[in-house]
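Coordinates in review
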Amino acid sequence: MDNFNFHHLFTVLLLFFVAFAPSFAQQSFRPKALVVPLKKDASTLQYVTRINQRTPLVPLNLVLDLGGQFLWVDCQRNYISFTYRPARCRSAQCSLAGANSCGDCFSPPSPGCNNNTCGVIPDNTVTHTATSGELADDVVSVQSTNGFNPGRSVTVSRFLFSCAPTSLLQGLTKGVTGMAGLGRTKIALPSQFASAFSFHRKFAICVSSSNGVAFFGDGPYVFLPNVDAFQLLTFTPLLVNPVSTASAFSQGEPSSEYFIGVKSIRIDEKVVPVNTTLLSINSEGVGGTKISTVNPYTVLEASIFKAVTKAFIRASAARNITRVAPVAPFEVCFSSENVLGTRLGASVPTVELVLQNENTIWRIFGANSMVSVKNDKVLCLGFVNGGENARTSIVIGGYQIENNLLQVDLATSRLGFSSLLFGRQTTCANFNFTSTA
């Protein structure tokens, strides 16, 4: 009898293992990196990504915010999920998010409205509007990658995010349900993905005027025809702004945005005379240079803008490029008549941001400096005037980073930048999303 029971038990276990072996294998798969698509919206100039969230999974379109603090979504409208869990007061999740406030909700319980939960401050960084929102977790699913192609989808079962009211979506691209923050916090997408899958705390973005891509994890980052943009990177330290640049924040909270140290600006290798104290971040968190995906164009503090545009106009005149009337929002425009086209865009003076030393230079070529308007007859310098009391002296905007791969290494606090990929005969739209790893 004992022998029969043993064999019976063995048979049952064997059948169980055979039946469920695929799911065990699925669970043991650990991705080296993840990949999500990016797309530029032509009307808002915002970059939109897509992830899947909830149970059952729902595809979410989200505005990408490089310096955003975390993922926030509209929970007020059509949020249905069997796996939604609010973060209870004084829980580990609240601590991780730095959420100290606790509260109750006086409406019937629903996603975004529960008693004894902690809250954070979701921020619409496009309109500079912030509100309070319930911290919660739910299932998130994205595709893995080997750096060449997308692979199988993987899931994080308890991904932290914030609920927000529908009103916070105002000013964002039509059809989005929130914002995906990639900033320097413990609950931004890069940190949560790295923690969930135990990979390097690195991520990379590559945006273009059409499609782009974001990677979570280390390279390679390969674009057709077989160009590994990771091999093209030049590195510069990332700086921490000790004062938050969010629309609303607690005292003593550092900025979640990515700042770099620009030492000087050159145009066609000639130094532009600017007040260099503006290039540093002071104790109040004012000044310095940051990179932003929510600013469509580079924004310069008024005196820097004046000096840079004056130098650019002078260098353009030396090339017989004719200045014409401005076209809003730009103040400096030229006729495209005498401007040659090159692989790197319009043949115009090169803007150079000199970083930690003379050998580390971020070069902005014509493809990233000139915006074509009025049926391609006019080219405008894609920099805008940020006024005299600019919080940040230089904000490198979306247009200036298009078709440049940027990698952020959170562990070593450094930024890698590839320079314009056109020089290697590829673009940010050339990641091969069509086939699977």
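Provided above is the structure to which this section pertains.
These lines cover the structure that appears in this document, whether it is placed above or below. None of the values given here were measured: they were computed from a predicted structure.

This next bit is on the sheet that holds strand β23 (residues 323-324). Here four strands make up an open sheet; going across it, the order is β23-β24-β30-β29 and the pairing antiparallel. Every other strand in the sheet has two partners, leaving β23 and β29 (370-373) as the edge strands with one partner each. Here β29 runs beside strand β30 (residues 378-381); their pairing, made up of four bridges, is antiparallel. In the strand pairing of β30, Met-370 is matched with Leu-381.

Following Thr-55, the chain continues into Pro-56 via a peptide bond in cis, with omega recorded as -5 degrees. Tracing the backbone through its elements, the reader meets Pro-56 in the loop between β2 (47-53) and β3 (58-65). Of note, the bond from Leu-224 into Pro-225 is cis; its omega dihedral lies within 30 degrees of zero at 0 degrees. Non-glycine residue Ser-419 carries a positive phi angle of around 70 degrees.

Moving on, we get to the packing of aromatic side chains. Taken as a whole and judged by the stated rule, the model has 17 aromatic pairs. Residues Phe-159 and Phe-193 carry aromatic rings whose centres are separated by 5.2 Å and whose planes lie at 45 degrees to one another, so their mutual orientation is tilted. Taken as a pair, Phe-159 in strand β11 (residues 150-164) and Phe-193 in helix α3 (residues 189-197) lie far apart in primary sequence, 34 residues in all. Note on Tyr-297 and Phe-330: the rings are 4.8 Å apart at their centroids and 80 degrees apart in plane angle, and the pair reads as edge-to-face. Note that Tyr-297 is positioned in the loop between β21 (289-291) and β22 (298-300) and Phe-330 in the loop between β23 and β24 (333-335), a separation of 33 residues in sequence. The burial state of Tyr-297 is the same as that of Phe-330; both residues are buried. One aromatic cluster is present, built from ring pairs that chain together Phe-215, Tyr-221, Phe-223, Phe-230, Phe-431 and Phe-433. Stacked on the ring of Phe-29, the Lys or Arg Arg-152 has its end atom at 4.2 Å from the ring centre. Of note, Arg-414 hangs over the ring of Phe-235, and the distance from its end group to the ring centre comes to 3.6 Å.

What follows deals with the state of the cysteines. Tallied over the entire structure, the rule returns six disulfides. Here Cys-94 connects covalently by a disulfide to Cys-118, the sulfurs 2.0 Å from one another. When the S-S torsion is -90 degrees, as for the bridge of Cys-94 with Cys-118, the disulfide is left-handed. You can see Cys-94 sitting in helix α2 (residues 92-97) and its partner Cys-118 sitting in strand β7 (residues 117-120), a full 24 residues away along the chain. For the residue pair Cys-94 and Cys-118, the accessibility class agrees, reading buried in each case. Cysteine pairing for the chain, with bonded cysteines counted in sequence order: 1-8, 2-4, 3-7, 5-6, 9-12, 10-11.

One finds Phe-193 and Trp-362 to be the most contacted residues of the largest nonpolar core, which totals 75 residues. Setting aside residues no more than four positions away along its own chain, Trp-362 makes contact with Ile-260, Ile-291, Val-351, Glu-352, Leu-353, Leu-355, Ile-396, Ile-401, Leu-406, Leu-415 and Phe-417. With 20 residues, the next largest nonpolar core counts Val-63, Ala-97, Leu-172 and Val-176 among its residues.

Before going further, it helps to spend a moment on the pattern of salt bridges. Scanning the model with the defined rule gives ten salt bridges in all. Glu-402 is the partner of Lys-40 in a salt bridge, and the nearest nitrogen-oxygen pair spans 2.7 Å. Taken together, the residues Lys-40 in strand β1 (residues 33-40) and Glu-402 in the loop between α6 (398-401) and β33 (404-409) connect sequence positions 362 residues apart. Glu-402 shares its class with Lys-40; the two are buried. In this structure, Asp-268 and Arg-319 form a salt bridge, with 3.0 Å as the shortest nitrogen-oxygen distance. Of the two residues, Asp-268 sits in the loop between β19 (264-267) and β20 (270-271) while Arg-319 sits in the loop between α4 (302-317) and β23, which places them 51 residues apart along the sequence. Overall, Arg-319 belongs to the partly exposed group, its relative accessible area being 33%. Ionic contacts of the salt-bridge type, sharing partners, join the residues Arg-266, Glu-352, Glu-358 and Arg-363 into one network.

Where empty space is left in the structure can be found by rolling a water-sized probe over the atoms. What the rule picks out here adds up to one cavity of 30 Å³ or more. Considering only enclosed or pocket space, the largest cavity measures out at about 70 Å³ in volume. Lining the largest cavity, in full, are Ile-265, Thr-298, Leu-300, Val-308, Val-351, Leu-353, Ile-364, Phe-383, Ile-394, Ile-396 and Gln-400. For the lining of the largest cavity, the secondary-structure elements that each account for two or more residues are β22, β27 (351-354) and β32 (394-396). Partitioned by chemical class, the residues of the lining of the largest cavity number nine nonpolar, two polar and no charged.

Rules used throughout
Residues numbered from 1 in each chain as written. Predicted model: local features only at pLDDT ≥ 70, side-chain atom pairs only at ≥ 80, totals over all residues. Heavy atoms only, no water. Pairing = 2+ DSSP bridges. Helix = DSSP H or I, 4+ residues; strand = E, 2+ residues; numbered from the N terminus. Phe/Tyr/Trp six-rings, centres within 6.5 Å; stacked < 30°, edge-to-face > 60°. Buried < 20%, exposed > 50% of the residue type's maximum accessible area, 1.4 Å probe, protein only. Lys NZ or Arg CZ within 6 Å of the ring centre and 35° of its normal. Disulfide = S-S within 2.5 Å. Core = buried A, V, L, I, M, F, W, Y, C linked by side-chain atoms within 4.5 Å. Contact = heavy atoms within 4.5 Å. Salt bridge = Lys/Arg side-chain N within 4 Å of Asp/Glu carboxyl O. 1 Å grid on protein atoms, 1.4 Å probe; cavity = no way out; pocket = protein on both sides within 12 Å on 5 of 7 lines; lining within 4 Å. Points joined across faces, edges and corners; volume = space filled by probe spheres on them. Nonpolar A, V, L, I, M, F, W, Y, C, P; charged D, E, K, R; others polar.

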